[in-house]
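Understanding the architecture of this molecule
Here are the chains, one letter per residue:
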Amino acid sequence: MSIKENLEKVKQNIANTALKVGKKPEDIILVMATKTVDVDRIREAIQAGGNIIGENKIQEALKKYQELKDEKAEWHFIGHLQTNKAKDALKFANMIHSVDRLPLVEKLDQRLLQEGRSLDILLQVNTSHEESKYGVEPEKAISFAKQVAKYDTLNIRGLMTIGLFTKDEVKIRKCFKVLKELHDQILKESIDRVQMNYLSMGMTNDYQIAIEEGANMVRIGTAIFGARNTPDAYYWPSEKTDR
Ligand SMILES: *Cc1c(COP(=O)(O)O)cnc(C)c1O
């Protein structure tokens, strides 16, 4: 199947699931996870109607951005962001999904102050309690949101998580429920400057479950571009190197 056909199929599935849970298809935002995908195929996807690119690695993203920046697309950074790469992320990202610790927040803030602007971010929560994944622990998410809210340069727009990698649907669903619950709690706290517009959760294998549990932003790669050759371990390093 072509990228166009894949994209149409994914959009159809998103629409069907949205309607099932009483939402409008257009309420669900599709971020195309484009790690390892070359620029020609990304361009094909944009021309087929994909309008948000989600990249995982700064070097890879910068290179692609140079070639694709004139295309009509938004750029999201969805991978783990090393503190020393914060400045580079700001060269292309319209939104960062993976803000999960204060040193990173401080670095982004410093740079944004210099540039005299603000940035939309999501807070990444580790809902699966897996060591291999980044994100703030669910128990600490609310206090983290309060801390980050003090930085005027960062606009918290919602939360992001990666569901547990398992075939056990109950366990996957539980991760998404945790994120939705935190979303609701944070809303209830009505923290100054904190908005909860987006729940970024769901990938190729679990986006329908995620939408059922409240996702309105899904990040999909394989279902659009096919299987990747590079193992995902390269993109989700198991060592939490820069903490
Ligand atoms: C790769 C990736 C995705 C998409 O994964 P697929 O299973 O290929 O759809 C989503 N989110 C993040 C953070 C990713 O790294």
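These remarks concern the structure in this document.

Cut-offs and rules
Residues numbered from 1 in each chain as written. Predicted model: local features only at pLDDT ≥ 70, side-chain atom pairs only at ≥ 80, totals over all residues. Heavy atoms only, no water. Near = heavy atom within 4 Å. Polar contact = N/O pair within 3.5 Å; in protein donor to acceptor, adjacent residues only side chain to side chain. Areas by Shrake-Rupley, 256 points an atom, 1.4 Å probe, with all protein chains shown as cover. Buried < 20%, exposed > 50% of the residue type's maximum accessible area, 1.4 Å probe, protein only. Helix = DSSP H or I, 4+ residues; strand = E, 2+ residues; numbered from the N terminus. Pairing = 2+ DSSP bridges. Right-handed = clockwise from strand over helix to strand, strands pointing away. Phe/Tyr/Trp six-rings, centres within 6.5 Å; stacked < 30°, edge-to-face > 60°. Lys NZ or Arg CZ within 6 Å of the ring centre and 35° of its normal. Arc of directions from axis to C-beta. Contact = heavy atoms within 4.5 Å. Axes fitted to C-alpha atoms, helices over the stretch in contact; angles between N-to-C directions. Parallel < 35°, antiparallel > 145°, perpendicular 65-115°, else oblique. Left-handed = near helix turned anticlockwise from the far one by under 90°. Nonpolar A, V, L, I, M, F, W, Y, C, P; charged D, E, K, R; others polar. Salt bridge = Lys/Arg side-chain N within 4 Å of Asp/Glu carboxyl O.

**Quick word on the site of the ligand**
The ligand sits among 13 residues. The nearest are Lys35, Asn56, Thr204, Thr222 and Arg228. A distance of 2.5 Å separates an oxygen atom of the ligand from a polar atom in the side chain of Thr204. Within the side chain of Arg219, an N or O atom sits 2.8 Å from a nitrogen atom of the ligand. Protein coverage of the free-state accessible area of the ligand, which is 390 Å², stands at 97%.

**As for the pairing of strand β2 (residues 52–55)**
On a regular strand, each side chain points to the face opposite its neighbour's, so the side chains alternate between the two faces of the sheet. Alternating positions in β2 separate into two faces, Ile52 and Gly54 on one and Ile53 and Glu55 on the other, with burial throughout. As judged from the two bridges shared by strand β1 (residues 29–33) and β2, these two strands associate in the parallel manner. When the bridges of β2 are listed, Met32 appears paired with Ile53. Remark: the β1/helix α2 (residues 39–47)/β2 crossover connection has right-handed handedness. Where β2 meets strand β3 (residues 74–77), four bridges bridge the pair, whose relative direction is parallel.

**Quick notes on the packing of aromatic side chains**
Enumeration according to the criterion identifies four aromatic pairs in this entry. Residues Tyr65 and Trp75 carry aromatic rings whose centres are separated by 5.2 Å and whose planes lie at 90° to one another, so their mutual orientation is edge-to-face. Taken together, the residues Tyr65 in helix α3 (residues 58–68) and Trp75 in strand β3 connect sequence positions ten residues apart. Residue Trp75 is classed as buried on the basis of its relative accessible area, which comes to 2%. Ring-pair connections join several aromatic residues into one group, and the members of that group are Tyr65, Trp75, Phe77 and Phe92. The ring of Tyr235 carries Lys35 above its face, with NZ or CZ at 5.8 Å from the centroid.

**Here we look at the environment of Lys69**
Looking at where Lys69 falls in the secondary structure, it is placed in the loop between α3 and β3. Residue classification places Lys69 among the partly exposed positions, given a relative accessible area of 39%. Taking the C-alpha atoms as reference points, Lys69 and Phe92, separated by 23 residues in sequence, lie 8.5 Å from one another. Here Gln66 takes part through its side chain, which lies 2.9 Å from a polar atom of the side chain of Lys69.

**What to know about α2**
For α2, the full list of buried residues reads Val39, Ile42, Ala45 and Ile46. Mapping the buried residues of α2 onto a view down its axis gives an arc of 115°, with all of them on the same face. Those residues of α2 that are exposed and angled more than 90 degrees off the buried face are Asp40 and Gln47. Residues of α2 that are buried sit in contact with α1 (3–20), β1, β2, α3 and α9 (222–225). Downstream of α2 by one or two residues, Gly49 has phi in the positive range, about 115°.

**Brief notes about the packing of α2 against α3**
The description of two packed helices rests on the angle between their axes and on the distance between the axes. Direction vectors running N to C along α2 and α3 enclose 60°, while the axes themselves pass 10 Å from each other. Accordingly, the angle class assigned to the pair α2 and α3 is oblique. For the crossing formed where α2 meets α3, the hand is right-handed. Counting all contacts with α2, which are made through Val39, Ile42 and Arg43, the residues of α3 involved are Lys64, Glu67 and Leu68. Split into classes, the residues belonging to the contact of α2 with α3 amount to three nonpolar, no polar and three charged.

**Structural notes on the pattern of salt bridges**
Evaluated as defined, the whole model comprises 20 salt bridges. Here Asp100 and Arg101 are joined by a salt bridge, their closest N and O atoms 2.8 Å apart. Of the two residues, Asp100 and Arg101, both sit in the buried class. Taken together, the shared-partner salt bridges connect Lys20, Glu169, Arg173, Lys177, Glu212 and Glu213 into one network.

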